[in-house]
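# What the coordinates show
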Amino acid sequence: MGTFERLARQQGATALELYVLDVELSSAFMADLALAEVILRNAMNDQLSEHFGAHWYRLDHLFDERSRAAIKRAWRDGKCADDAPPGKLIAQLTLGFWVGLLDSGGRADQPPHDRKCSYDNLLWRPCLRLAFPHGTGKRSEQHTLAKRVHALRNRVAHHEPVIGGIPIPGTRRRRTLPDAHHDILTLMGTINPGLADWMHRHSRVPTLLAATSEPAQGLS
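Residues numbered from 1 in each chain as written. Predicted model: local features only at pLDDT ≥ 70, side-chain atom pairs only at ≥ 80, totals over all residues. Heavy atoms only, no water.

Turning next to the packing of aromatic side chains. The full count for this structure, using the stated rule, is seven aromatic pairs. Ring geometry for W56 and Y57: centres 5.7 Å apart, planes at 75°, overall edge-to-face. Of the two residues, W56 and Y57, both sit in the buried class. The rings of W56, Y57, F63, W75, F97 and W98 are connected pair by pair, giving a single aromatic cluster. (Phe/Tyr/Trp six-rings, centres within 6.5 Å; stacked < 30°, edge-to-face > 60°. Buried < 20%, exposed > 50% of the residue type's maximum accessible area, 1.4 Å probe, protein only.)

Quick look at the structure:
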């Protein structure tokens, strides 16, 4: 409760009141994130399937060791048989897996035959860029945006406080709650601007933020 007690002293509220507000904000964020995860997954899967076939996840040469391990784990956790439809596996792959496909790629083999798996050459230029027709066209920028949304998702899913802002992994900085919500909508806008507008109109986050103090939003 330390986060809530600190903010409560600043705002003249009780820690319990802020805790309840945090739960409400997290719930509203999660509703948007649930849609965003499915939309991102489907957009990327559509392009991978179009270019490599519906069973693209079987093509080991496309992926680094981390991504291969995630596919194997999803196959095992989903109890997928060899004749399982692709959708069964796709539904098991985590948001972290999809975000990972947007980075530069890691090592693809074990020593002494290490090779770098270039996701720019293997995935982004051939097809994944087409999943984001309204983005900048730069893989690194798409990855940075998706990674921020992933950090928000993990924080909410693990029941960590969102009050006060969202820590950015690997830095000492935080995203304010308005910026974090804007990240979700921006990511969706790179896929379909109309969809992002629809999400904005139906999201409960802006209404909750309007009733939330600036310190609690991470604005000061």
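Once you've had a look at it, read on.
All right, on to the state of the cysteines then. Summed over the entire model, instances satisfying the criterion amount to zero disulfides. Of the cysteine sulfurs around C117, a residue in no disulfide, the closest is that of C127, at 13 Å. (Disulfide = S-S within 2.5 Å.)

What follows concerns the nonpolar core. Residues M44, W56, W98, L101 and L128 are the most contacted members of the largest nonpolar core, which totals 64 residues. At 13 residues, helix 2 (residues 15-52) tops the list of elements feeding residues into this core. Those residues within four positions of W98 in sequence are excluded, and the remaining contacts are L40, R41, M44, N45, L48, W56, I90 and L93. (Core = buried A, V, L, I, M, F, W, Y, C linked by side-chain atoms within 4.5 Å. Helix = DSSP H or I, 4+ residues; strand = E, 2+ residues; numbered from the N terminus. Contact = heavy atoms within 4.5 Å.)

Bringing the packing of helix 2 against helix 8 (residues 177-191) into the picture now. In a packed pair of helices, the relevant descriptors are the angle between the two axes and the axis-to-axis distance. Across the interface, helix 2 lies against helix 8 with an axial gap of 10 Å and an inter-helix angle of 20°. The pairing of helix 2 with helix 8 is recorded here as roughly parallel in orientation. Between helix 2 and helix 8 the crossing geometry is left-handed. Facing helix 2, whose interface residues are L25, F29, D32, L33, A36, I39, L40 and A43, helix 8 presents L177, A180, H181, I184, M188 and I191. Considered class by class, the residues forming the contact of helix 2 with helix 8 number twelve nonpolar, one polar and one charged. (Axes fitted to C-alpha atoms, helices over the stretch in contact; angles between N-to-C directions. Parallel < 35°, antiparallel > 145°, perpendicular 65-115°, else oblique. Left-handed = near helix turned anticlockwise from the far one by under 90°. Nonpolar A, V, L, I, M, F, W, Y, C, P; charged D, E, K, R; others polar.)

A word on empty space enclosed by the protein. A full pass over the atoms with the stated rule returns one cavity of 30 Å³ or more. Of the pockets and cavities examined, the largest cavity occupies roughly 30 Å³. Taken together, L33, A36, E37, L40, L95, V149, R153 and L187 form the lining of the largest cavity. When residues of the lining of the largest cavity are assigned to their parent elements, the largest contribution, four residues, is made by helix 2. (1 Å grid on protein atoms, 1.4 Å probe; cavity = no way out; pocket = protein on both sides within 12 Å on 5 of 7 lines; lining within 4 Å. Points joined across faces, edges and corners; volume = space filled by probe spheres on them.)

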